[in-house]
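Remarks on the overall topology
If you want the building blocks of each chain, they are given just below.
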Amino acid sequence: MTAEEIFGRVDHTQLKPYADWQDIRKLCEEAIEYGTASVCVPPSYVKRIHDTYKDRLNICTVVGFPLGYSVTEAKKAEICQALADGCSEIDMVVNISDVKNGRYDKVEEEIRQLKEVCGDHILKVIVETCYLTEEEKIAMCRAVTNGGADYIKTSTGFGTDGARKEDVELFQKHIGPNVKIKASGGISTLQDLEMFLELGCDRIGTSRAVEIVQAAGAMM
């Protein structure tokens, strides 16, 4: 797999709570240089990035992040502001408490409402697999599918674990044909990147893609 193929599937990510503009600018410059699928950044930086780089970057941001228990109306407001600021893709966190309470219909309805706000913009749904049983993961595959989202995403990167091969394989069995998979969290080697892509993930969320590929000597 070439470096270009890998970078084209990477959401180049900087979500540390103490990230300053120098960190964000470095991320954006790398994304442009290496041709990543997007930059995934805090909502407060979306407008500045859009004003600075215009159409040179595809901007992704997070909603209800990282704990997911914001009310639906708050998540809608976050999405509206992000889109107004120039964002193209939204990575939202499900209400994990609702999942643990078995309120899968409520989770599905929230996804449906948020997708309506997103319209033609991409909505990725973070289910935070580290906190879920297999039954709950399967239920989230159904909720994401029925709710009309574009992607199911494994993790925030802020939980107790990140992307796992077994979870991606489980997703593949239970998501609908129009749902893609994003693996995120703990992806730290070239082998990780290639494994998740070969498993069928359409996107990889990581802050380390440039470092990983450079270290492996795979730069084009």
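Now for a description of the structure that goes with this document. Small disclaimer: the values here were computed from a predicted structure and weren't measured.

What follows deals with helix 6 (residues 104–118). For helix 6, which comprises 15 residues, the first-to-last C-alpha distance of 21 Å matches the rise-based estimate of 21 Å (1.5 Å per residue) to within 8%. Among all positions of helix 6, only Val107, Glu108, Glu110, Ile111, Leu114, Lys115 and Cys118 are buried. Projected onto a plane normal to the axis of helix 6, the buried residues spread over an arc of 160° and lie on a single side. Seen from the open side of helix 6, the exposed residues pointing more than 90 degrees away from its buried face are Asp105 and Glu116. The inward-facing, buried residues of helix 6 contact helix 4 (72–85), strand 4 (89–93), helix 5 (96–100), strand 5 (122–126) and helix 7 (134–147).

On to the pairing of strand 5, then. Here strand 5 lies mainly inside the structure; four of its five residues are buried. In this fold, the crossover linking strand 5 to strand 6 (residues 151–153) by way of helix 7 has right-handed handedness.

So, on to the sheet that holds strand 2 (residues 38–41). The strand order 1-2-3-4-5-6-7-8 describes a closed barrel built from eight strands, whose pairing is parallel. Pairs of neighbouring strands in the sheet enclose a mean axial angle of 25°, with direction left out of account. Across three bridges, the pairing between strand 5 and strand 6 is parallel. Counted as the bridge partner of isoleucine 126 is lysine 153 from strand 6. Where helix 2 (residues 21–34) meets the sheet, its contacts fall on strand 1 (10–13) and strand 2, and the angle it forms with strand 2 comes to roughly 165°.

Residues of helix 3 (residues 46–53) that are buried: Val46, Ile49 and Tyr53. On an axial view of helix 3, the arc spanned by its buried residues comes to 70°, and they lie on one face. Contacts made by the buried residues of helix 3 are with helix 2, strand 2, strand 3 (59–63) and helix 4. At the C-terminal side of helix 3, lysine 54 shows a positive phi close to 50°.

Here we take up the pattern of salt bridges. Using the criterion set out here, one finds 22 salt bridges in the structure. Between lysine 106 and aspartate 98 there is a salt bridge whose closest N-O contact spans 2.9 Å. Among the charged side chains, a network of salt bridges with common partners joins Asp11, Glu89, Asp91, Lys124, Lys153, Lys182 and Arg203.

Criteria and thresholds
Residues numbered from 1 in each chain as written. Predicted model: local features only at pLDDT ≥ 70, side-chain atom pairs only at ≥ 80, totals over all residues. Heavy atoms only, no water. Helix = DSSP H or I, 4+ residues; strand = E, 2+ residues; numbered from the N terminus. Expected span 1.5 Å × (residues − 1). Buried < 20%, exposed > 50% of the residue type's maximum accessible area, 1.4 Å probe, protein only. Arc of directions from axis to C-beta. Contact = heavy atoms within 4.5 Å. Right-handed = clockwise from strand over helix to strand, strands pointing away. Pairing = 2+ DSSP bridges. Axes fitted to C-alpha atoms, helices over the stretch in contact; angles between N-to-C directions. Salt bridge = Lys/Arg side-chain N within 4 Å of Asp/Glu carboxyl O.

All we've got here are geometric facts, nothing functional implied.
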